[in-house]
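Okay, here's what each chain looks like letter by letter:
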Number of protein chains: 2
Amino acid sequence: MPLEKELGLKEPIATSEHEAVLNIYYTASLLKKCADDFFRDFGLTDVQFNVLALIEYQSGSAGGLTQAKIGEMMLVNRANITSLIDRMEKSQLVERTADTDRRTNIIKMTAKGKKLFTKVEPLYLKQVRQVMSPVDKPEQKKIITVLEKIRMGLSEDTMKNFKE
Amino acid sequence: MPLEKELGLKEPIATSEHEAVLNIYYTASLLKKCADDFFRDFGLTDVQFNVLALIEYQSGSAGGLTQAKIGEMMLVNRANITSLIDRMEKSQLVERTADTDRRTNIIKMTAKGKKLFTKVEPLYLKQVRQVMSPVDKPEQKKIITVLEKIRMGLSEDTMKNFKE
DNA sequence: AACAGATTGTATATATGCGAACTATCTTGT
DNA sequence: ACAAGATAGTTCGCATATATACAATCTGTT
């Protein structure tokens, strides 16, 4: 079904460029809902799973990551990380540990967190493969390239001079 | 900059399929942030702008939309719409009006809302064109097609049998 | 007409997102 | 060594998302 139909847009405000933007939003939103559904049964959210994945694969010598680093890699404001880690600590998936820099916490997975991640990761990857199965490799390459181009159009400098 | 680099993924959990999914999320998230920044200066959020656009272009004979219809078109739970319309009513952009079906509210733009929408819409479309300018029309068509294919992989039936 | 079932909007609890302001701490320049 | 500035994490107020439960109302079947 074409997107305009699905969104009920009889007469979109829209240009074809706008339609492409809506399409990206919409697909990302459905992918996120789908991932959230998937993770819910494991007592996780997709954001929490991403934190575990980052700790698993991106930990440096410290064996964990600072909250600032997690925020940076997840592209979210560091203010979010406080409550996110609070919740994950409450469900005993991660723990805050001290660092030589007394301003920072090193976030590490607990045994429980590690065990859950090890169990969920392969199932998640299987699901991702399934979702992407209608799209062949050249097409995957193509969207990655095109989306990169769009992000170039989002650079700070470009984003000025649009308000009168 | 390639996405893995930007996200700091030395060793992503990732398959190439997963990279494509990350790419979609990431681009949508940046587009949304960018739109939010844009609308903030007008005292709007992107979600609120979308509500105004839906009322402007999708109103039936009633001259407005029910909350359920807005939720359906924006693909969000109708429970969100209550507080969203509360805020928009508070800033006098829309108003709830009575319907013959006493369960429903008809949401209409106020004069103030209409005036703001008329002012902001062309500026927004100009911004969208600018953001999409590095991508030519055939490429726009291509991503729309590919994203549609991905959504097909998200259908209910496909989404089962992934949890052991 | 009456009852069962669907639908609408609301309320609540929870999980994210943002910006701004704050404290504690580290770093840097003099 | 010390003041100025940068950085990390927290807290606040807000906007948005979810699922769930509920009351009011409509609709369809008998």
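Here we summarise the structure given alongside this text. Bear in mind the structure is a predicted one, so any value in this text is a computation, not a measurement. (Residues numbered from 1 in each chain as written. Chains lettered and ligands numbered in written order. Predicted model: local features only at pLDDT ≥ 70, side-chain atom pairs only at ≥ 80, totals over all residues. Heavy atoms only, no water.)

1. With respect to the overall build of chain A
Here's step 1: On a plain count of helices and strands, chain A comes out with seven helices and three strands.
Here's step 2: Counting helices and strands in the order they occur from the N terminus, chain A gives α-α-α-β-α-α-β-β-α-α.
Here's step 3: By the burial criterion, 45% of the 164 residues in chain A qualify as buried.
Here's step 4: For chain A, contacts bridging at least 24 residues in sequence account for 46% of all contacts bridging at least 6.
Here's step 5: For chain A, the computed accessible surface area is about 8500 Å², with 52% contributed by carbon and sulfur atoms. (Helix = DSSP H or I, 4+ residues; strand = E, 2+ residues; numbered from the N terminus. Buried < 20%, exposed > 50% of the residue type's maximum accessible area, 1.4 Å probe, protein only. Contact = heavy atoms within 4.5 Å. Areas by Shrake-Rupley, 256 points an atom, 1.4 Å probe, with all protein chains shown as cover.)

2. Some points on the protein's contact with DNA strand C
Here's step 1: Contacts to DNA strand C come from 25 residues, most closely from Thr45(A), Asn77(A), Asn80(A), Ala68(B) and Arg78(B).
Here's step 2: Contact between DNA strand C and Arg78(B): a base oxygen at 2.5 Å from a side-chain N or O atom of the residue.
Here's step 3: The contact in question runs from a phosphate oxygen of DNA strand C to an N or O atom on the side chain of Arg96(B), over 3.2 Å.
Here's step 4: Mapped by element, the contributors of at least two residues to the surface near DNA strand C are helix 3 (46-58) and helix 5 (78-90) of chain A together with helix 4 (67-73) and helix 5 (78-90) of chain B.
Here's step 5: For the surface near DNA strand C, the element with the most residues is helix 5 of chain A, which contributes four residues.
Here's step 6: Looking at side-chain class alone, the surface near DNA strand C contains seven nonpolar, ten polar and eight charged residues. (Near = heavy atom within 4 Å. Polar contact = N/O pair within 3.5 Å; in protein donor to acceptor, adjacent residues only side chain to side chain. Nonpolar A, V, L, I, M, F, W, Y, C, P; charged D, E, K, R; others polar.)

3. Some details on the interface of chain B and chain A
Here's step 1: Of the residues lining the interface, 76 residues belong to chain B; the matching set on chain A comes to 77 residues.
Here's step 2: In this structure, the connection of chain B to chain A is made through eight salt bridges.
Here's step 3: Ionic pairing is found between Glu139(B) and Lys149(A), a salt bridge with its closest N-O pair at 3.0 Å.
Here's step 4: Connecting chain B to chain A are 14 residue pairs in polar contact (both at pLDDT 80 or more).
Here's step 5: Its residues assigned to classes, the side of chain B that touches chain A shows 40 nonpolar, 14 polar and 22 charged. (Salt bridge = Lys/Arg side-chain N within 4 Å of Asp/Glu carboxyl O.)

4. Focus on the sheet that holds strand 1 (residues 65-66) of chain A
Residue and element names in this part refer to chain A.
Here's step 1: Taken in spatial order, the three strands of this open sheet run 1-3-2, and their pairing is antiparallel. In the strand order of this sheet, the two ends are held by strand 1 and strand 2 (94-98), each with one partner.
Here's step 2: In this sheet, strand 3 (residues 105-109) lies alongside strand 2 in antiparallel orientation, the contact comprising five bridges. Within strand 3, the position partnered with Glu-95 by the bridge is Lys-108.
Here's step 3: Against the sheet, helix 3 contacts strand 1, strand 2 and strand 3, and its axis sits at roughly 95° relative to strand 3. (Pairing = 2+ DSSP bridges. Axes fitted to C-alpha atoms, helices over the stretch in contact; angles between N-to-C directions.)

5. Observations concerning the environment of Phe49(B)
Here's step 1: Along the chain, the position of Phe49(B) falls in helix 3 (residues 46-58).
Here's step 2: As a C-alpha pair, Phe49(B) and Val120(B) span 71 residues in sequence and 8.8 Å in three-dimensional space.

6. Description of the packing of helix 3 of chain A against helix 6 (residues 111-132) of chain A
All names here are of chain A.
Here's step 1: Remark: helix 3 packs on helix 6, axes separated minimally by 10 Å, with the N-to-C direction vectors making an angle of 105°. One finds that helix 3 runs roughly perpendicular with respect to helix 6. Note on element contacts: helix 6 touches helix 3 through Gly-113, Lys-114, Phe-117, Val-120, Glu-121 and Tyr-124, opposite Phe-49, Leu-52, Ala-53, Glu-56 and Tyr-57.
Here's step 2: Looking at the contact of helix 3 with helix 6 residue by residue, the classes come out as seven nonpolar, one polar and three charged. (Parallel < 35°, antiparallel > 145°, perpendicular 65-115°, else oblique.)

7. Overview of the packing of helix 3 of chain A against helix 5 of chain A
A pair of packed helices is characterised by two quantities: the angle between their axes and the separation of those axes.
Residues and elements named next belong to chain A.
Here's step 1: For the pair helix 3 and helix 5, the least separation of the axes is 11 Å and the interaxial angle reads 85°. Classified by the interaxial angle, the pair formed by helix 3 and helix 5 is roughly perpendicular. Packed against helix 3, whose contacting residues are Val-47, Gln-48, Val-51 and Leu-52, the element helix 5 presents Leu-84, Ile-85, Arg-87 and Met-88 at the interface.
Here's step 2: The residue inventory of the contact of helix 3 with helix 5, partitioned by class, reads six nonpolar, one polar and one charged.

8. Quick notes on helix 7 (residues 137-152) of chain A
Residue and element names in this part refer to chain A.
Here's step 1: Helix length check: helix 7, at 16 residues, gives a terminal C-alpha distance of 23 Å against a target of 22 Å (1.5 Å per residue), a fit within 8%.
Here's step 2: Those residues of helix 7 that fall on the buried side of the exposure criterion are Glu-139, Gln-140, Ile-143, Ile-144, Val-146, Leu-147, Ile-150 and Arg-151.
Here's step 3: Put simply, Asp-136 is the residue that caps the front of helix 7, since its side-chain oxygen is 3.0 Å from the backbone nitrogen of Glu-139. (Expected span 1.5 Å × (residues − 1).)

9. Considering the protein's contact with DNA strand D
Here's step 1: Taken together, 25 residues sit near DNA strand D, with Ala68(A), Arg78(A), Thr45(B), Asn80(B) and Arg87(B) positioned nearest.
Here's step 2: The sugar and phosphate moieties of DNA strand D supply 66% of its atoms located within 4 Å of the protein.
Here's step 3: Measuring from a phosphate oxygen of DNA strand D, one finds a backbone N or O atom of Ala68(A) at 2.5 Å.
Here's step 4: A distance of 3.1 Å is found between a phosphate oxygen of DNA strand D and a backbone nitrogen or oxygen belonging to Asn105(A).
Here's step 5: Of all elements in the fold, only helix 4 (67-73) and helix 5 of chain A together with helix 3 and helix 5 of chain B reach the threshold of two or more residues within the surface near DNA strand D.
Here's step 6: Of the residues in the surface near DNA strand D, the class split is seven nonpolar, ten polar and eight charged.

10. Describing the side chain of Thr27(A)
Here's step 1: Secondary-structure assignment places Thr27(A) in helix 2 (residues 16-40).
Here's step 2: A residue is classified by how much of its surface remains accessible, and Thr27(A), at 0% relative accessible area, is buried.
Here's step 3: The contact partners of Thr27(A), leaving out residues within four places of it in the chain, are Ile24(B), Leu147(B), Ile150(B) and Arg151(B).

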